[in-house]
Amino acid sequence: MAINYVSGKPSSWVVLSDGGQPTEDIYFLESAAPALQRQGTKVKRVTASRSLGAALVHGRAFLRQYAGANLLLCRSLPPGWLRWVERHRSAFGYIAYLIDDDIAAAANDPMLPAAYRQRMRRIAHLQPRLLMLSDEVVACSEKLAQRFYAQHGNVSVLTPPLIAPLPTREHFTLSPSAQAPWKIGFHGTRAHLTDLLHITPALWAIQQGRLDTQLELMLGKHTPSQLAGLPRVQTPDPLPWQAFRHYQANCRLHIGVAPLLETPFNQGKSFIKFLDIAAMGGVGIYSNRYPYTEIVRHGENGLLVEDSPAAWQAALQQLVNNPQTAADMAQQAAIDAQRIGDLQQAVMFWQTRQDNN
């Protein structure tokens, strides 16, 4: 039976982490938390061990230290910790469930890697309990939020904040040439490998037909074989989150590609890639569908492209052949990234929850 605790208004937040550091950092710890801390709020990330015994042992210490705090749960919790929080729900204040992917759709998407689908199935099995435990579901996009309206009475949208600094765009000073090729980058995870494969013919044609472009695919050994052996193609291994943030801060990209096919899983995605490409100083080419149609103005801050490889090849050619236009679009994308990714929106979102609970 749960123990009742009576406490005043919570003045602290605890991110009870199952390991989803990028999501936790983007939507709370590196966006809103610094401002909340300056106002006197305590913020802590606590790793939820997967050991049942550890959950019981650490749970007692957790309760002593954090009773009355607001909790932020992201994606999932180990079963032992989930049972523990269910039992002690009344010990805490407001609990938010933060979600940035359609877990159920991922679990049933045959185009995703098998190991990833299996992990998503485990999370999907636990998700109804996480929803029941939480006061509010916080989704990264309106379409993802819609998936939860029938399952929870309090669903909100918090779009991605921009937590990376925006660089100068001095790398656009030189027009593309064999001596100074422009960098085209794909920095998606393996979950978007099928999306990349769809535009592989376009990337192949660009690299075979020109000498003034280089291609970076951060997929390591999972890079499509059609691209890995081409000239001026780099295939670095995917990086852990903090290493990627350091890399991103130092990478200068001219063109970023963000293909997104029409699948149930992709429909729940946010526009985070727009911010990522801007953070590397680039202009993006995006699939002409949600969520990119919400923020990309074709020809102004990026290009929206239909699904055919020919259309992607034409878009790549357009940017490389018109370097000043590409540079202007990259500049506008940076301006828009600052506006739509304004950290103050995240601060106000979480401050409201703190004040009202």
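Positions within a chain are numbered from 1, following the residues in the order the chain's sequence is written. Whole-chain, interface and lining totals are the exception, using all residues; otherwise, since this is a predicted model, local features are given only for residues with pLDDT of at least 70 and side-chain atom pairs are given and counted only at 80 or more. In computing side-chain values, all of the structure's heavy atoms are included and hydrogens and water are not.

1. A few points about the overall build of the protein chain
No. 1: The numbering of helices and of strands both runs from the N terminus, where a helix is a DSSP run of H or I of at least 4 residues and a strand a run of E of at least 2. Within the protein chain, the secondary structure is distributed over 15 helices and 12 strands.
No. 2: In this treatment the radius of gyration is a C-alpha quantity, and the globule benchmark scales as 2.2 Å times the residue count to the 0.38 power. In summary, the protein chain has a C-alpha radius of gyration of 22 Å against a globular reference of 21 Å for 357 residues, a match within 12%.
No. 3: Relative accessible area decides the class of each residue, using a 1.4 Å probe on protein chains only: under 20% of the type maximum gives buried, over 50% gives exposed, and in between gives partly exposed. Residues classed as buried in the protein chain amount to 57% of the 357 residues present.
No. 4: Each accessible area is a Shrake-Rupley estimate made with a 1.4 Å probe; only the visible protein chains count as cover when residues are assessed. Split by element, the accessible area of the protein chain, about 15,500 Å² in all, is 52% carbon and sulfur.

2. A short note on the confidence of the model for the protein chain
No. 1: The pLDDT averaged across the protein chain works out to 93; a share of 95% of its residues lies at or above 70.
No. 2: Long-range and interchain partners of residues 1–10, a stretch whose pLDDT sits below 50, account for 21 contacts in this model, where long-range means more than four residues apart. Each residue gets a pLDDT score, which is the predictor's confidence in that residue and runs from 0 to 100. Here, two residues are considered to be in contact whenever any of their heavy atoms come within 4.5 Å of each other.

3. As for the nonpolar core
No. 1: Buried residues of nine kinds, namely Ala, Val, Leu, Ile, Met, Phe, Trp, Tyr and Cys, make up a nonpolar core once their side-chain atoms join them within 4.5 Å. Within the largest apolar cluster, 66 residues are counted, with the highest numbers of intra-cluster contacts made by L16, F28, F62, V85 and W350.
No. 2: Of the residues forming this core, the biggest block, 7 residues, is contributed by helix α6 (residues 114–133).
No. 3: The contacts of V85, once residues within four sequence positions are left out, are L16, L71, L77, I95 and L133.
No. 4: Among the nonpolar cores identified, the runner-up in size contains 31 residues, and I184, L193, L196 and L230 belong to it.

4. Some thoughts on helix α8 (residues 193–209)
No. 1: Each residue after the first adds 1.5 Å to the expected span of a helix. Compared with an ideal rise of 1.5 Å per residue, which puts 17 residues at 24 Å, α8 spans 23 Å between its outermost C-alpha atoms and is within 8% of the ideal.
No. 2: By the largest-angle criterion, I199 marks the main kink of α8, which is about 50°, and a proline, P201, follows within four residues.
No. 3: Those residues of α8 lying buried are L193, D195, L196, I199, T200, A202, L203, I206 and Q207. The angle between axes fitted to the seven residues ending at a residue and the seven residues starting there is what we call the bend at that residue.

5. As for the pairing of strand β3 (residues 70–74)
No. 1: With 5 of its 5 residues buried, β3 lies for the most part within the structure.
No. 2: Burial along β3 is two-sided: N70, L72 and C74 and L71 and L73, pointing in opposite directions, are all buried.
No. 3: In this sheet, β3 lies alongside strand β1 (residues 12–17) in parallel orientation, the contact comprising 4 bridges. By the bridge assignment, V14 is partnered in β3 with L71.
No. 4: Two strands form a pair only when DSSP identifies at least two bridges running between them. Of the strand pairs in this sheet, β3 and strand β4 (residues 95–99) are connected by 4 bridges, and their pairing is parallel. Bridge pairing links L73 to Y97 in β4.

6. Details of the environment of P22
No. 1: In this fold, P22 is placed in helix α1 (residues 21–29).
No. 2: Spatially, the C-alpha atom of P22 lies 6.3 Å from that of W241, the residues being 219 residues apart in sequence.

7. Description of the environment of V155
No. 1: The topology assignment puts V155 in strand β6 (residues 155–157).
No. 2: By relative accessible area, which is 16% here, V155 ends up buried.
No. 3: Taking the C-alpha atoms as reference points, V155 and A139, separated by 16 residues in sequence, lie 7.4 Å from one another.
No. 4: Leave out the neighbours within four places in its chain, and V155 touches V137, A145, F148 and Y149.

8. Description of the sheet that holds β4
No. 1: Pairing is parallel in the open sheet, where 6 strands are placed in the order β2-β1-β3-β4-β5-β6. Taken across any chain shown, the strands that pair with only one partner, and hence form the sheet edges, are β2 (42–47) and β6. Neighbouring strand axes in the sheet, compared pairwise and without regard to direction, differ in orientation by 25° on average.
No. 2: Here strand β5 (residues 136–139) pairs with β6 via 3 bridges, running parallel. Bridged to A139 within β6 is V157.
No. 3: Every axis corresponds to a line fitted to the C-alpha atoms, with the helix fit spanning only the stretch in contact, and the corresponding angles, defined between N-to-C directions, vary from 0 to 180 degrees. Lying on the sheet, α1 is in contact with β1, β2, β3 and β4; it crosses β2 at an angle near 170°.

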